[in-house]
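Commentary on secondary and tertiary structure
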Amino acid sequence: MRRIHQPRPEIRSGDCSDDYEDPDQVFPKPQAVNLAEDPDQIYSKLQSVNMADRDVFLPVPGWGKGRYNSLCSDDELLDDDNEPISSHRSSWQDYGLSTLQGSVYLPVRGRVLAPPPRDGTSPEPCPVLKSGWLDKNPTQGSLYYQRRWVKLDVDYLRYFDNEKEVYSKRIIPTAAITGVTNVGEQKFEVVTANRTFLFKAESDSERNEWVAVLQNFTRGCQEGSREMTSLVPPSFLTPEQEGYLELRGLRSKLYTVVSGDKVFLYKNMEDYRLGIGITSIDMNVGNVKVTDRRSFDLTTPYRIFSFLADSEQHKEQWVEAMRDAIGEALSNSEVAKQIWAEPSNCCCADCGAAKPEWAAINLCVVVCKCCAGEHRGLGPSISKVRSLKMDRKVWTEELIQVFLLLGNERLNRFWAANIPPSEALSPTSCSKARREFIRSKYRQGKYRKYHPLYGNQRELNNALCINVQCSDVLETLCLVFCGADVNCSTGQTACPSPLSLALAHNQKLQAQFLSHNLNTELPRSEVTGDMEPQHYSPQHPVTHNGFLFKTASMVRPITERKAKEEFSRRWCMLNDGNFSYYESDKTSTPNGALKSTEIVCLSVNTSERHGYDHTFELYSDSERLYLFGTDDQDSHKEWVKSITKMFIPSNAEALLRLSFERIGRLKYKDGLNLQSPRVGWFALVGSSLHAYLEDSEEEEEIHLRKLQELSIQQENEVLVLVERGRTLYIEGERKLDFQGWCVGIQKAAGSAGDSLSQQQLTEADIPVIVDRCIDYITQCGLTSEGIYRKSGVNSRVAALCEAFRRDARNVRLKEEEHQVDDVSNTLKRFFRESGEGLFTIQAASAWLSTPVIPEESKKISQYQLLLSRLPRVNKATLRALVNHLYCVQRFAELNQMNLHNLAIVFGPTLFQTDGKDYTAGRVVEELIEHYTDVFEVDEQQLKRQLDEITVIIKVREKLNLNSSVPASGSAGDFICTVYLEEKKETAEQHVKIPGSMTAAELTCEILDRRKIQVREKDYWSCWEVSQKEETERPLHHLERVLPILHSLGTDSHLLVKKNLAMEAILVYLASKVDVSKHGMVKFREERSILGLGLNTGSFHDRYFILNTVSLRMYKEVRSNRPEREWQVKNLRVYLGIKKKLRPPTCWGLTVIYKSEKQEKPEKQQWYLCCDTQTEMREWFSTFLNVQYDGNVWPVDAAQTRVTRALPVDTRHGNVALIPLRGSENEMRNSVAAFTADPLGLFRDV
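Calculation criteria
Residues numbered from 1 in each chain as written. Predicted model: local features only at pLDDT ≥ 70, side-chain atom pairs only at ≥ 80, totals over all residues. Heavy atoms only, no water. Helix = DSSP H or I, 4+ residues; strand = E, 2+ residues; numbered from the N terminus. Buried < 20%, exposed > 50% of the residue type's maximum accessible area, 1.4 Å probe, protein only. Contact = heavy atoms within 4.5 Å. Areas by Shrake-Rupley, 256 points an atom, 1.4 Å probe, with all protein chains shown as cover. Expected span 1.5 Å × (residues − 1). Pairing = 2+ DSSP bridges. Axes fitted to C-alpha atoms, helices over the stretch in contact; angles between N-to-C directions. Phe/Tyr/Trp six-rings, centres within 6.5 Å; stacked < 30°, edge-to-face > 60°. Polar contact = N/O pair within 3.5 Å; in protein donor to acceptor, adjacent residues only side chain to side chain. pLDDT = per-residue confidence, 0-100. Salt bridge = Lys/Arg side-chain N within 4 Å of Asp/Glu carboxyl O. Core = buried A, V, L, I, M, F, W, Y, C linked by side-chain atoms within 4.5 Å. Disulfide = S-S within 2.5 Å. Parallel < 35°, antiparallel > 145°, perpendicular 65-115°, else oblique. Left-handed = near helix turned anticlockwise from the far one by under 90°. Nonpolar A, V, L, I, M, F, W, Y, C, P; charged D, E, K, R; others polar.

1. Remarks on the overall build of the protein chain
- Across its full length, the protein chain holds 31 helices and 48 strands.
- For the protein chain, buried positions account for 52% of its 1245 residues.
- When contacts within the protein chain are restricted to residue pairs at least 6 apart in sequence, long-range pairs at least 24 apart make up 61% of them.
- Here the protein chain has roughly 58,200 Å² of accessible surface; of this, 47% comes from carbon and sulfur atoms.

2. A closer look at helix α17 (residues 820–833)
- Along its 14 residues, α17 runs 20 Å from first to last C-alpha, staying within 8% of the 20 Å computed at 1.5 Å per residue.
- A large share of α17 lies buried, amounting to 11 of its 14 residues.
- By the burial criterion, the buried members of α17 are V820, D821, D822, V823, S824, N825, T826, L827, K828, F830 and F831.
- Elements in contact with the buried residues of α17: α15 (768–780), α16 (794–807), α20 (872–890) and α22 (899–911).

3. As for the sheet that holds strand β8 (residues 177–184)
- In space, the 7 strands of this open sheet follow the order β7-β6-β5-β4-β10-β9-β8, with antiparallel pairing throughout. Two strands lie at the open edges of the sheet, namely β7 (170–173) and β8, each paired on one side alone. Within this sheet the neighbouring strands show an average axis-to-axis angle of 30°, counted without direction.
- Looking at chain direction, strand β4 (residues 128–136) and strand β10 (residues 196–200) are connected through 2 bridges and run antiparallel. Bridging across to β10, K136 finds its partner in F199.

4. Some words on the sheet that holds strand β19 (residues 365–367)
- With respect to topology, 3 strands assemble into an open sheet ordered β19-β18-β20, the strand pairing being antiparallel. Strands at the two margins of the open sheet, each flanked by one partner only, are β19 and β20 (385–387). Pairs of neighbouring strands in the sheet enclose a mean axial angle of 30°, with direction left out of account.
- Pairing of strand β18 (residues 358–360) with β20 involves 3 bridges; the strand directions are antiparallel. Opposite A360, over in β20, you have V385 as the bridge partner.
- Those strands touched by helix α6 (residues 369–378) are β18, β19 and β20, and its axis lies near 120° from that of β19.

5. Thoughts on the packing of aromatic side chains
- Considering all chains together, one arrives at 39 aromatic pairs under this definition.
- With 6.4 Å between their ring centres and 75° between their planes, Y668 and F682 make a pair best called edge-to-face. Here Y668 is found in strand β28 (residues 662–670), whereas its partner F682 is found in strand β29 (residues 673–685), with 14 residues between them in sequence.
- Residue classification places Y668 among the buried positions, given a relative accessible area of 0%.

6. Points about the environment of K1077
- On the secondary structure map, K1077 appears in strand β40 (residues 1077–1085).
- Assessed through its relative accessible area of 12%, K1077 is described here as buried.
- Sequence-wise, K1077 and F1104 are 27 residues apart; in three dimensions their C-alpha atoms are separated by 8.1 Å.
- With residues up to four places along the chain from it excluded, the contact list for K1077 reads Y1068, F1104, I1105, L1106, E1178, W1179 and T1182.
- A polar contact of 3.4 Å, which involves the side chain of K1077, links it to the side chain of E1178.

7. Notes on the confidence of the model for the protein chain
- The share of residues in the protein chain with pLDDT of 70 or more is 79%, and the mean pLDDT across the chain is 78.
- Across residues 1–124, confidence stays below pLDDT 50; counting only partners more than four residues off in sequence or on other chains, it has 300 contacts.
- Across residues 1198–1245, confidence stays below pLDDT 50; counting only partners more than four residues off in sequence or on other chains, it has 79 contacts.

8. Here's the deal with the packing of α17 against α22
- At a minimum axis distance of 6 Å, the contact between α17 and α22 shows a crossing angle of 35°. Residue-level inspection shows K828, F831 and R832 of α17 in contact with α22, the latter providing V905, F906, P908, T909 and L910.

9. Here's the deal with the pattern of salt bridges
- Under the counting rule described, the total for this entry stands at 55 salt bridges.
- The shortest N-O distance in the salt bridge between E733 and R734 comes to 2.9 Å.
- Classification of E733 as partly exposed rests on a relative accessible area of 41%.
- Looking at R734, the relative accessible area reads 5%, which means it is buried.
- A salt bridge links R796 to D822; the nearest nitrogen and oxygen atoms lie 2.6 Å apart. Residue R796 is found in helix α16, and its partner D822 is found in helix α17; the two are separated by 26 residues along the sequence.

10. Section: the side chain of Q1164
- Tracing the chain through its elements places Q1164 in strand β46 (residues 1163–1170).
- On the basis of relative accessibility, which here comes to 16%, the residue Q1164 falls in the buried class.
- In this structure the side chain of Q1164 is engaged in a polar contact, spanning 3.1 Å, whose partner is the side chain of W1126.
- Setting aside its immediate chain neighbours within four residues, Q1164 contacts R1124, W1126, V1151, I1152 and Y1153.

11. Some details on the nonpolar core
- Among the nonpolar cores identified, the biggest contains 65 residues, and Y788, W847, L878 and L927 are the most heavily contacted of them.
- Look past the residues within four positions of L878 in its chain and what remains in contact with it is L838, F839, W847, L867, L870, L927 and F935.
- Counting residues in each nonpolar core, the second largest holds 51 residues, with L378, V402, F481 and C488 among its members.

12. Focus: helix α13 (residues 633–647)
- The end-to-end C-alpha separation of α13 is 22 Å, in line with the 21 Å expected for 15 residues at 1.5 Å each.
- If you check which residues of α13 are buried, you get S635, H636, W639, V640, S642, I643, T644, M646 and F647.
- For α13, the side-chain oxygen to backbone nitrogen distance between the N-cap and D634 is 3.1 Å, and the N-cap itself is D632.

13. As for the state of the cysteines
- Using the criterion set out here, one finds 0 disulfides in the structure.
- Left without a disulfide partner, C976 is nearest to the cysteine sulfur of C1022, which lies 8.2 Å away.
- For C976, a relative accessible area of 6% gives the class buried.

14. Here we look at the pairing of strand β27 (residues 625–630)
- With respect to burial, β27 is a largely interior element, 6 of its 6 residues being buried.
- On β27, burial covers both faces: L625, L627 and G629 on one face and Y626, F628 and T630 on the other are all buried.
- Bridge count for strand β21 (residues 544–550) against β27 is 2 bridges, and the pairing is antiparallel. For F549, the partnering residue across the bridge sits in β27 and is G629.
- If you look at the hairpin formed by strand β26 (residues 614–620) and β27, you'll find 4 residues sitting between the two strands, and E623 has a positive phi there, around 65°.

15. A word on the packing of α15 against α20
- Where α15 meets α20, the closest approach of the two axes is 11 Å, and the angle between their N-to-C directions is 15°. In this view, α15 runs roughly parallel relative to α20, as classed from their interaxial angle. The two elements α15 and α20 cross, and the hand of that crossing is left-handed. Together, V770, I774, I777 and T778 of α15 and T877, A880, L881 and H884 of α20 make up the contact between the two elements.
- When grouped by side-chain class, the residues that make up the contact of α15 with α20 number 5 nonpolar, 3 polar and no charged.

16. Re unusual backbone geometry
- Here the phi dihedral of N506 falls at roughly 60°; this positive angle occurs in a residue that is not glycine.
- Note that N506 resides in the loop between α11 (498–504) and α12 (508–515).
- For N506, a relative accessible area of 56% puts it in the exposed group.

Structure, rendered in structure tokens:
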């Protein structure tokens, strides 16, 4: 190589060259280079480097010609971070920054005497599109070009000192190249968004060839004609570790990034952002060695990189990150990805840590790195630990299938069936806790689920020999680890052991499991007490085959009718836990297959749904839908029965006897435990949902038409079913089948026809429409003159009837919205249009003939007989209606509707006649008149009811309540703990939270309970507080509380307190002219190092612009293109920052971003730090103003408080006022109080 001589008459701080020669020199220890010195002095210092003097370097043989060589290009010197980079530079000037901080020199020492690269670890080089010698533009102040060996591949344009160099001087991502142009004299420019690189070829033809190749390739990139390879510019990767490191002998530091299986070196962070680096180091040939308290060496076969960290702690983090990168480079992720295909294997079986990369192949559990270390401590006789990524030879196809078949979730039903909550592990548990837990779990078997045959060795061995002949590997595991002898005698000469027996029956998975447990040491713990001897009865495998017609599998629900032409005839087989379908009955290779563990739901369609009369749908856990059909009803029933028997567990087999429309598994939460969902098996049968819930031995039936509330929380994909005294939350684990469940349950819970029994019902079997109308009229219309006789507005009555028909459960009658006459006519229209009538078509004539019976006692007996013969719903409805009409006529002096008038109105309505004959009226009149006898009513109970109505009327008259009061909450609402002002036991309040409750309503309820008077400028709010994150957020007054509760962690709670900053916020927003805000704020992202929860990075100044649509972040004020952009609607802003992040000030905001992408949801967390409290308040105020369209605080907060407070505890004196929408029990309690103290109600009036 020739040496490039540079003139030295004038030395400036921005001038430097890296091309020096020193023939046959063995290089001494590097010294710090001061670039302000004379170049001769610099050169003499570099000559004094002697690598052999340092024991931290490996010995290096010298080459014929040694030379110094910069990792930084000499035209791209270390930049001054405070000076901006120009996008337009002269071809003859320095294309970096003008201020020199230092240049990076590293001796080329020849090949390091290190071990050769490991077998199979050589990096696969990207195909080189073109390579050759080019002259690089000179540095600032120099007149000479530098000769460089230039290589172009699909990812980078790189240039080197010579063709033998492994590590480049500069890497330019091809994705960053925006143009390539000729500039004359054999020169051409490579243009990126921020910099321009000048090259010179030997001739015009060579120059044109380079330009053509570059232009064709970069044009293909811009048009998207090629796929991106795995090696993309590092700035687009997620780094495991990044920051500045000092390279030995340099005053300036390099920005170093560990990403995947590579280490990238950059001059500074700006270059990293642009993706333009110095070089990349493949870690599959690397080795990391700690050399000092803060220093370490990265050794490769080609060069040694000696780094110096800022502190010992940082050094340890860098060393661990680089060693992990070596492990990543040497690993093979194919096995891990296959194992993780089973969702439960994505979490550690012991502590729950994400993405575990180790496994105990004999115990069949997948565990994390921390737990794997404790498993090794048990010894290979108990736990054989192997890596999913590095121990490739052990992972046979059969062993992978065993792990996919079992999965951590199913295995923990055996290994972890009885773990006390106090002993459970978490990802953050210490090593001592892990050691004790893992020893107890696997060495002692402390938490396992004991097999019924435990303690009976003969029966255990017999059961093992029987079970290895079928496919139930989990049962075999349970038998083995409860004492069955893997090497026991089978009594058969041809197959003397269970392993040979499994092989003889072609049970490869069973054989794989047994082969890894031939010498396993079994758990040592014993069960106290006598074990009752039992005999093993294996489950008979489900088998079935025949022809079915199938459509192509889908990833979306089937909304259109499938004609017969869209089905294909397939031979289907159900055998050994697999459902397979073939091209024909003579084909040996299946077109596709579903394992029993993959089927999560089966749905039976109605006969007219598709072209074939009888069809069913199968849903898999991979979000695919399979449609099968046949014209043979018996064949259809047999297939449905066989498939469901295959994937439904034995404890839920009772569901198979039902004529279900949909059956499958779902996750659910109930009671007060909303933290950990459990698995249940559900079957939809007509209007009932049958369920076998976890830890429940009996079948439960949920009457969907009797639900008090049914809603879907779209943001959380949760189906909420509220029964009397209970709330069940069904979660959407898979969107496809969950959508089908939601549609099916909503349809089953709605009205299905015109008859009374097909309506949505109350707990008392009364149609909801009847119950709601009677309640409303009792409370608001008993004093209305001509009630039931006057007509309502026909359009309003029709709309109300339609609303009840569509979903009666969600219709709330309110006095300010609905007129009494409209409601009364709705009730009459419902009875007139009901399918079979209240008295049924068959029995109507018997009812109409009863009034002619002359003797009153016989007449009453006949009415009682006919009443007993009515269907259950009709009987309950008739009792409720007659009770209501009896009460109406008792107040005839107010409403002018006496017994006769009511009979005239309701006779033809209930019997659906034309009204010409008064016989129907006679029946109604006599039922009302003899109400207590016919219905055997307790007269004391009736008296209390009439007293209650009297109280209602008097209270309304006295207080002149002409406005409505909201309905009281439903039973079964979720109960949560809310704190007042601070979190302590004395401040606890347990509150029912219905799905519709807002933050303002919850706040008012808490204040009312504590009888706190709200003054004019008291801004009471409900706050979401996170103790772990040290943040809090005032909920918006219209924000629903229940979704917030679902998202809260164990370290978070709700708190009601004053918002002391609200007045200042409102004043600031009132003074703002523009809704947007902009300014400089210190910014930091949340990153995790090596999965240990350690945060890295620091706060950086960034310029932010917040408008009504988005929040944009810029590098600086003058930047034209934002670095990041977020949609405002997806941001949630909290007050406060964790102290361990060491923010520069205490005035900060924590921002969480959640994307709405269903296929790949994204969550980010970052921090904004302001200089003053006022600045922080202004940013927070603007966020609130933008997200809620200026509705930051309710205009009439006092009215909101009164409206919410009334139904909670509306009292007058010592007697609770009758709630306008109260239940029957609430009415009884109010009347009881009134009876005990009749005058108490009016003492304070």
